[in-house]
Amino acid sequence: MYTLDDVLEFPPQVITVNSVNGFVCFWSCNARLHVCNPLTDEYFTTPPYTYENRFVPLCLAAVGFGFCQLSYEYKVVVLHEDGEGFESVEIKPLVFTVGTDRSWRSLKAIPDTKFYTRHEKGVHVKGVLYWYMESCTLPRCRSKIIKSLICFDVSKEEVVTTMVPAELDSLEGGRYVSRIAEKGRNLCLVNISYGPICSLLIKVYIADTSTDLSSFNSWKNEFNVTVPNMAYNISIMNSWFVSIVTDDMLVIQIMSESEIFIDVATGMLLSARILYGSASFIPYVPSLVSLFHRPPLLNSSFTC
């Protein structure tokens, strides 16, 4: 992944982005993204994306890997913070189509916006990449923190921002974190807060992505999990990332240090592991299809 120049300029750093159709995407701090098929050893690396600030890790707000069903193409997307200071910041979406593009393409920028989160990983659901972001509008002195979903349509290459319903994103006491994940090819919102007697309360909501995500009626409470005795050792104000959500198990990454496995039915801690380097668990479906595979076009006279 790294050349000698890369190692001299940036300390080696790699993070897992997400997985689509058996292909896994990684981001490295040399401003490149890497897509591989672990089953076939097929591997692809993008050229470096453009940036103004040499401190690339600080400029990367979000990254994602998606699939366009219409063109049968895979695309990697970067939300890059462009500009210096709070008065001139804008978010520049950059997109690269695997197997087609030779360089990154810039899309319409999101002006006067400052993201607080960094290196946010995308969730790909039914042709749309989602990020849950905390941002503020500029100038900062007259703005407030806004929590919203950033939605990127992989086919149309359009970015849309929608607010998360207040009923899902405001808990008593204000001490909670919210993250998004995928569950059974559906978008879900995960709220983690303190429960009674030093427990953690985890609420999982499933979205109907065919309707307005800013409406409370578009979300359904899938299940709640109470994890006993976890508040003694874990602060919810740390960085959390929800890796896997199923009917049986939750996998949650705490900062970049460890991951915990929680049984949904009982709330008991099944296991915990220390992370080394950039290792993490992601949902994965094996695929034998080549990354550059394109299905043959149907003859126009063919009917079915």
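These figures come from a predicted structure and were not determined experimentally. (Residues numbered from 1 in each chain as written. Predicted model: local features only at pLDDT ≥ 70, side-chain atom pairs only at ≥ 80, totals over all residues. Heavy atoms only, no water.)

## Observations concerning the pairing of strand E5 (residues 60-68)
Part 1 of the reasoning: The element E5 is extensively covered by neighbouring structure, given that nine of its nine residues are classed as buried.
Part 2 of the reasoning: Summarising the sheet, E5 and strand E6 (residues 73-82) pair through eight bridges and their orientation is antiparallel. By the bridge assignment, Gly66 is partnered in E6 with Lys75. (Buried < 20%, exposed > 50% of the residue type's maximum accessible area, 1.4 Å probe, protein only. Helix = DSSP H or I, 4+ residues; strand = E, 2+ residues; numbered from the N terminus. Pairing = 2+ DSSP bridges.)

## Brief notes about the nonpolar core
Taken as a class, soluble globular proteins show a tendency for nonpolar side chains to be buried jointly.
Part 1 of the reasoning: Counting residues in hydrophobic clusters, the biggest one holds 24 residues, and the most contacted among them are Leu33 and Tyr49.
Part 2 of the reasoning: Looking at this core, the elements that each hand over two or more residues are strand E1 (14-20), strand E2 (23-28), strand E3 (32-37), E5, E6 and strand E7 (90-97).
Part 3 of the reasoning: For this core, the element with the most residues is E5, which contributes four residues.
Part 4 of the reasoning: Once residues within four sequence positions are removed from consideration, Leu33 is found in contact with Cys25, Phe26, Trp27, Phe44, Thr45, Thr46, Tyr49, Val63, Val76, Val78 and Trp104.
Part 5 of the reasoning: Core analysis: the next-biggest nonpolar cluster, separate from the first, contains 23 residues, Leu200, Met230, Ile236 and Ile262 among them. (Core = buried A, V, L, I, M, F, W, Y, C linked by side-chain atoms within 4.5 Å. Contact = heavy atoms within 4.5 Å.)

## Structural notes on the sheet that holds strand E19 (residues 240-245)
Part 1 of the reasoning: With respect to topology, four strands assemble into an open sheet ordered E19-E20-E21-E22, the strand pairing being antiparallel. A strand with exactly one partner marks an edge of an open sheet, and here the two such strands are E19 and strand E22 (269-274). Going across the sheet, the axis of each strand differs from the next one's by a mean of 20 degrees, ignoring polarity.
Part 2 of the reasoning: In the sheet, strand E21 (residues 258-263) pairs with E22 via five bridges, with the strands oriented antiparallel. Looking across to E22, one finds that Ser258 is bridged to Ile274. (Axes fitted to C-alpha atoms, helices over the stretch in contact; angles between N-to-C directions.)

## Let's talk about the environment of Thr162
Part 1 of the reasoning: As for its position among the elements, Thr162 is in strand E14 (residues 158-163).
Part 2 of the reasoning: By relative accessible area, Thr162 is classed as buried at 14%.
Part 3 of the reasoning: With 13 residues separating them in the primary sequence, Thr162 and Leu149 have C-alpha atoms 5.3 Å apart.
Part 4 of the reasoning: Non-local contacts of Thr162, meaning those with residues more than four positions away in its chain, are made with Ser148, Leu149, Cys151, Asp212, Leu213 and Ser214.

## So, the confidence of the model for the protein chain
A low pLDDT means the predicted coordinates there should not be read in detail.
Part 1 of the reasoning: Mean pLDDT over the protein chain stands at 79; residues scoring 70 or higher make up 74%.
Part 2 of the reasoning: In the model of the protein chain, helix H1 (residues 4-9) stands out as the element of lowest mean pLDDT, 54, in contrast to strand E11 (residues 123-125), which has the highest, 93.
Part 3 of the reasoning: Here residues 298-304 is modelled with pLDDT under 50, and outside its nearest four sequence neighbours on either side it reaches zero contacts, counting other chains as well. (pLDDT = per-residue confidence, 0-100.)

## Thoughts on the packing of aromatic side chains
Aromatic ring pairs: the centre-centre distance and the angle between the two ring planes describe each pair.
Part 1 of the reasoning: Applying the stated criterion across every chain yields a total of seven aromatic pairs.
Part 2 of the reasoning: Judged by centre distance (5.2 Å) and plane angle (70 degrees), the ring pair of Phe23 and Tyr74 falls under edge-to-face. Of this pair, Phe23 sits in strand E2 while Tyr74 sits in strand E6, placing them 51 residues apart in sequence.
Part 3 of the reasoning: A connected cluster of aromatic rings, assembled from ring pairs, spans Phe23, Phe65, Phe67, Tyr72 and Tyr74.
Part 4 of the reasoning: Taking NZ or CZ as reference, Lys121 lies 4.4 Å from the ring centre of Phe241, over its face. (Phe/Tyr/Trp six-rings, centres within 6.5 Å; stacked < 30°, edge-to-face > 60°. Lys NZ or Arg CZ within 6 Å of the ring centre and 35° of its normal.)

## Focus: the sheet that holds strand E18 (residues 219-227)
Part 1 of the reasoning: Here we have four strands laid out as an open sheet, ordered E15-E16-E17-E18, and antiparallel in their pairing. Strand pairing shows two members of the sheet lacking a second neighbour, strand E15 (176-182) and E18, which therefore form its edges. Neighbour to neighbour, the strand axes of the sheet diverge by 20 degrees on average, direction disregarded.
Part 2 of the reasoning: Where E15 meets strand E16 (residues 187-194), seven bridges bridge the pair, whose relative direction is antiparallel. When the bridges of E16 are listed, Ala181 appears paired with Cys188.

## Concerning the side chain of His34
Part 1 of the reasoning: Positionally, His34 belongs in strand E3.
Part 2 of the reasoning: The buried category is assigned to His34, whose relative accessible area is 0%.
Part 3 of the reasoning: Here Ser28 takes part through its side chain, which lies 2.7 Å from a polar atom of the side chain of His34. (Polar contact = N/O pair within 3.5 Å; in protein donor to acceptor, adjacent residues only side chain to side chain.)

## Brief notes about unusual backbone geometry
Part 1 of the reasoning: With phi around 55 degrees, Tyr72 is a residue other than glycine that occupies positive phi space.
Part 2 of the reasoning: You can call Tyr72 partly exposed: its relative accessible area is 22%.
Part 3 of the reasoning: The phi dihedral of Arg185 falls on the positive side, at around 65 degrees, and the residue is not glycine.
Part 4 of the reasoning: Relative to the helices and strands, Arg185 is located in the loop between E15 and E16.
Part 5 of the reasoning: Relative accessible area serves as the criterion here: at 61%, Arg185 is assigned to the exposed category.

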